[in-house]
Amino acid sequence: MRDPPAIAKKIHVPTYDEILQRIKTRYPKSGRRLFDREMARLQATYDIMMSKTSFIRDLVRLVDGLHPFYWRLIEIDFDRRKIRESIKCVSRARKIASSMYEKYRFLLLASESRQELLRVSSEARGRILSAIKKCRRSLDYLRDLVVFIQHLPSVDATLPTIIVAGAPSTGKSTLVRNVSRANTRVASYPFTTTTVHIGHYTLELEGGRKIKVQIIDTPGLLDRPPELMNPVERRAAAALAELEGPILFLVDVSGSPYMSVDRQFKLLSNIINLYARDRRVYVALNKIDAKDEQAYSEALRIAGALKRSGAVSGVYDLVASDRRSATRLIEEIIINSLLGES
Ligand SMILES: Nc1nc2c(ncn2[C@@H]2O[C@H](COP(=O)(O)OP(=O)(O)OP(=O)(O)O)[C@@H](O)[C@H]2O)c(=O)[nH]1
Ligand SMILES: [Mg+2]
């Protein structure tokens, strides 16, 4: 998959006013012979309209090549049908502009009086501009879409991927940040995660072989069905549903006042039912440095039962805030899941 945010950064969608303004500033002033001036005005209107809307080709290519994960994220905020219609509006305006340009160039040449020349000329420009004016709102919608895609995470679907999920505040971002810092740069985002973030980790094997893995940090989920999820939770669901790779589920065993161990495992069973039919799921009991004995033993008991039933491939203790603990866990999961050893 190409990198949609990077591609989107090269796409500029102008407003209708911007197109109009540009035409005005490039408008040939009087002083020439009438025919030449009117012809130059038509030419300028057409050229600017076409060049300002030429982004549409890149946008169509980008939209057509989007991985389902990106569509899932986009559809939380945008309507797919409206995107198609907006693209169609601009493409149609371009076609109209081309045919008007051809037609009116001829009519300008054929004008027999000064009056007719002026009328034909103003009609030509009017029709080209009105074609794009009809897309005023489409241009705004597409510009919002492009800016939105620019800010999405750069996911590489060809890299081995681990998706980190769990209830809010279980330590997902701490883990991904800690693992990534040793390797590559990752954006710092100290607060509650509201969208998907990407970290990377490169494992060096004996013989110098390297495996680069992408680790997806997702927003916290609550134990409720998808139809009740808020937009932030739906972003986590997008990663779980559309990206391949093992799921690493974090359980907070420090006696979280927000979500009991029981509820956290209820969330896990929802995730397994919805997203984990054919994939491995690992459970990490996090914050064992500050563990609540009762919560910890309850978590061990439930996780152990899940492992015995085959629903979970491994259960680990974790201190996500400790880099060594964090990297050890990620390395074990890479070896276990991606290298097929169990
Ligand atoms: N004691 C202890 N605290 C931890 C550990 N890991 C994370 N925390 C703390 O737990 C809190 C939440 O950590 P985050 O990494 O933001 O949790 P998150 O799961 O990304 O939270 P959301 O993005 O809101 O879902 C922070 O105050 C962390 O410092 C750990 O291993 N031990
Ligand atoms: Mg987070």
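Residues numbered from 1 in each chain as written. Chains lettered and ligands numbered in written order. Predicted model: local features only at pLDDT ≥ 70, side-chain atom pairs only at ≥ 80, totals over all residues.

(A) Region of the structure containing the overall build of the chain. Along the backbone of the chain there are 13 helices and 6 strands. Since a compact globule built from 342 residues should have a radius of gyration of about 20 Å, the 28 Å found for the chain marks it as more spread out than a globular shape. Across the 342 residues in the chain, those meeting the buried criterion constitute 37%. Taking the intrachain contacts of the chain between residues at least 6 apart in sequence as the baseline, contacts between residues at least 24 apart amount to 75%. (Helix = DSSP H or I, 4+ residues; strand = E, 2+ residues; numbered from the N terminus. Rg over C-alpha atoms; globule rule 2.2 N^0.38 Å. Buried ≥ 20, exposed ≤ 12 C-beta atoms within 10 Å, placed from the backbone. Contact = placed C-beta atoms within 7 Å.)

(B) Structural view of the site of ligand 1. Inspection of the region around ligand 1 gives 19 residues, with Gly-171, Ser-173, Thr-174, Thr-193 and Gly-220 positioned closest. Among the residues forming the shell around ligand 1, the class breakdown is 5 nonpolar, 11 polar and 3 charged. (Near = placed C-beta within 6 Å. Nonpolar A, V, L, I, M, F, W, Y, C, P; charged D, E, K, R; others polar.)

(C) Seen up close, the packing of helix 3 (residues 34-52) against helix 6 (residues 80-110). Remark: helix 3 packs on helix 6, axes separated minimally by 10 Å, with the N-to-C direction vectors making an angle of 170°. As judged from the angle between their axes, helix 3 and helix 6 are roughly antiparallel. Two secondary-structure elements touch here, helix 3 through Glu-38, Met-39, Leu-42, Tyr-46, Met-49 and Met-50 and helix 6 through Arg-94, Ala-97, Tyr-101, Tyr-104, Arg-105 and Leu-108. Classifying every residue of the contact of helix 3 with helix 6 by side-chain character gives 9 nonpolar, no polar and 3 charged. (Axes fitted to C-alpha atoms, helices over the stretch in contact; angles between N-to-C directions. Parallel < 35°, antiparallel > 145°, perpendicular 65-115°, else oblique.)

(D) Molecular detail of the sheet that holds strand 1 (residues 161-166). As summarised here, the arrangement of the 6 strands in space is 2-3-1-4-5-6, forming an open sheet in which the pairing is mixed. Edge positions in the open sheet fall to strand 2 (197-204) and strand 6 (314-318), since each of these has one partner strand only. Across the sheet, the mean angle separating the axes of adjacent strands is 25° when strand polarity is ignored. One ladder, built from 4 bridges, connects strand 1 with strand 4 (residues 247-252); its direction is parallel. Across the sheet, Ile-163 pairs through a bridge with Ile-247, a residue of strand 4. Packing of helix 10 (residues 231-242) onto the sheet brings it into contact with strand 1, strand 3 (210-217) and strand 4, and relative to strand 1 it is tilted by some 140°. Packed onto the sheet, helix 13 (residues 323-338) meets strand 1, strand 2, strand 3, strand 4, strand 5 (281-286) and strand 6 and runs at close to 170° relative to strand 6. (Pairing = 2+ DSSP bridges.)

(E) Seen up close, helix 11 (residues 261-275). The end-to-end C-alpha distance of helix 11, which contains 15 residues, comes to 21 Å, matching closely the 21 Å that a straight helix rising 1.5 Å per residue would cover. For helix 11, the full list of buried residues reads Val-261, Gln-264, Phe-265, Leu-267, Leu-268 and Ile-271. The arc that holds every buried residue of helix 11, seen down its axis, measures 150°, which confines them to one face. Tucked into the core, helix 11 has its buried residues touching strand 1, helix 10, strand 4 and helix 12 (293-309). (Expected span 1.5 Å × (residues − 1). Arc of directions from axis to C-beta.)

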